Amino acid sequence: MLAAALRALFLWLSNRRWMARIALGTPLLRRMPLRFVAGTTLDEAVAAVQRLNASGASATLDVLGESIEGRASADRAAAAYVETIERIARDGLDANVSIKLTQMGLDLGVDACVDVLEPVVKAGDQAGIFIRIDMEGSAYTEQTLEVVRRLRAAGHDVGPVVQAYLHRSAADVEALARERVRVRVCKGAYAEPPEIAYQERVAIGDSFVTLSEELLRADAYPGIATHDPEMIDRVITFAKEHGIGPERFEFQMLYGVRRDLQRQLLEKGYRLRVYVPFGTEWYAYFMRRLAERPANVLFVLRSVLGERS
Ligand code: FDA
């Protein structure tokens, strides 16, 4: 009960711009996201990726930001991604990028968003770097998949995320698996109503495993994005039973979350990609991490207050 109420509170806060302004403008609060965000600059993010690569993990870089207000800020965000892709190539990092389309002007329409993405996907093509399109709230699902379809039809190496809590994901994955599109499967991080999304942990977990199995069967190199040991065990068992080797999929986890599990998977010979967010626009991302695990609040408060004293 309490956990559900806290989850709803943090998801509500994640959309409050006034709260974001306070958090971003208060020096003490600015230290809060350090556990989940690699830093505010590309240099700091690159250093985090180098550490991950040295440990055997690959990475996906996320230049934080979402729901921009106009074309100019979308173009600026796109330029930051171009810079990131060029840096990955220059430094020889084992990494790709993850992009939220609301940051690339999706609110201005699918055409405008595809336009904004043009320099990013070109940079990706040139560097041979895959581009992951993150999935946001359900108001954007259809448009996001449409952008992915259009970019793929134009020959760009991009792939979407599907959220196991959405009822529609079974049909989406069926279509994506048919074309062997490289998909990331996750449970889903937004507040969605029961008409369109499973609410129960068991139903979400079963959907997660079913979607993962379908993509594994299609040999589509899925990204299995979860920190839930039960999901991980079920996917590993399925892969073993069907003779699917560890080179045919990868696990994915968030920076700063379940580092113990991250290490264990690498030690067992599985591929692991860590999602590394960086930048100053950390507020909404951080609030969703608190929503997933309200106990993080205590952890974060302790580290902020501890550092201060
Ligand atoms: P679950 O929430 O059941 O957590 C399992 C265990 O993991 C917990 O018991 C705890 O130990 C640990 N844990 C989970 N979250 C934690 C946290 N925030 N802090 C500390 N411990 C935590 N969602 C989305 O809607 N669109 C997207 O594009 C993406 N992209 C994405 C990429 C990657 C690489 C990952 C790992 C996740 C996403 N997500 C996402 C988020 C995803 O939908 C989901 O909200 C979280 O992964 C939490 O779900 P789990 O599967 O980890 O299980």
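Quick note: structure is the one above.
All values reported here derive from a predicted model rather than from experimental measurement.

Would you take a moment to explain the sheet that holds strand S3 (residues 131-133) for this structure?
Two strands in a sheet stick together by hydrogen bonds in their backbones, pointing the same way (parallel) or opposite ways (antiparallel). Taking strand neighbours around the barrel as the criterion, the eight strands line up as S1-S2-S3-S4-S5-S6-S7-S8 in a closed arrangement whose pairing is parallel. Taken over all neighbouring pairs, the strand axes of this sheet differ in orientation by 25° on average, direction set aside. Summarising the sheet, strand S1 (residues 58-63) and strand S2 (residues 95-99) pair through three bridges and their orientation is parallel. Looking at the pairing, Thr60 lines up with Asn96 of S2. Here helix H6 (residues 110-127) sits on the sheet and contacts S2, S3 and strand S4 (158-163); the angle it forms with S3, its principal contact strand, is near 140°.

Sorry, what's going on with the packing of helix H1 (residues 2-14) against helix H12 (residues 283-292) here?
Contact geometry for H1 and H12: axes closest at 8 Å, N-to-C directions at 175°. As far as their axial angle goes, H12 and H1 are roughly antiparallel. Here Arg7, Phe10, Leu11, Leu13 and Ser14 of H1 come into contact with H12, specifically with Tyr283, Ala284, Met287, Arg288, Leu290 and Ala291. Broken down by class, the residue content of the contact of H1 with H12 amounts to eight nonpolar, one polar and two charged.

I'm lost on helix H11 (residues 259-267) in this one. Help?
Residue pairs spaced three or four apart in an α-helix point in one direction, given the helix's 3.6 residues per turn. Within H11 the residues assigned to the buried category are Leu261, Gln262 and Leu265. Burial along H11 is one-sided: seen end-on, the buried residues are contained in an arc of 105°. Those residues of H11 that are exposed and angled more than 90 degrees off the buried face are Arg263 and Glu267. In this structure, the buried residues of H11 make contact with helix H10 (229-241), strand S7 (250-254) and strand S8 (272-278).

I keep staring at the packing of aromatic side chains and nothing clicks. Help me out?
For the structure shown, the criterion picks out six aromatic pairs. On the numbers, 6.2 Å between centres and 45° between planes, the contact of Phe36 with Phe286 is tilted. In this pair, Phe36 is assigned in the loop between helix H3 (27-30) and helix H4 (42-55) and Phe286 in helix H12, connecting sequence segments 250 residues apart. When sorted by exposure, Phe36 lands in the same class as Phe286, which is buried. Ring centres of Tyr275 and Tyr285 lie 6.1 Å apart, and the angle between their planes is 5°; this geometry places the pair in the stacked category. Here Tyr285 lies in helix H12 and Tyr275 lies in strand S8, a separation of 10 residues in the sequence. Taken individually, Tyr275 and Tyr285 each receive the classification buried, so the pair is uniform in this respect. Members of the aromatic cluster, joined through ring pairs, are Phe36, Trp282 and Phe286. In this structure, Arg289 packs its charged tip against the face of Tyr285, placed 4.4 Å from the ring centre.

About the thresholds
- As a convention, each chain's residues are numbered from 1 in the sequence order in which they are written.
- At least 70 in pLDDT is required for a residue's local features to be given in this predicted model, at least 80 for side-chain atom pairs to be given and counted, and no such filter applies to totals for whole chains, interfaces and linings, which use all residues.
- Heavy atoms from the whole structure form the basis of all side-chain values; hydrogens and water molecules are not counted.
- In this analysis, strands are considered paired if DSSP registers two or more bridges between them.
- Comment: elements are numbered from the N terminus, with helices defined as DSSP H or I runs of at least four residues and strands as E runs of at least two.
- Each axis is a line fitted through C-alpha atoms, and for a helix only the stretch in contact is used; angles between axes span 0 to 180 degrees, taken between their N-to-C directions.
- Only heavy atoms enter the contact rule, under which two residues are in contact if any of them lie within 4.5 Å.
- Roughly parallel means an angle under 35 degrees; roughly antiparallel means over 145; roughly perpendicular covers 65 to 115; every other angle is labelled oblique.
- Residues are grouped as follows: nonpolar covers Ala, Val, Leu, Ile, Met, Phe, Trp, Tyr, Cys and Pro; charged covers Asp, Glu, Lys and Arg; every other residue, Gly included, is treated as polar.
- Each residue gets one of three labels from its accessible area relative to the maximum for its type: buried under 20%, exposed over 50%, partly exposed in between, using a 1.4 Å probe on protein chains only.
- To be clear, the arc concerns the directions from the helix axis to the C-beta atoms.
- Here the aromatic set is Phe, Tyr and Trp, taking the six-membered ring for Trp, and pairing holds for ring centres within 6.5 Å; pairs whose planes are under 30 degrees apart are stacked, those over 60 apart are edge-to-face, and all others are tilted.
- Two limits define a charge over a ring: the Lys NZ or Arg CZ must be within 6 Å of the ring centre, and within 35 degrees of the ring normal.

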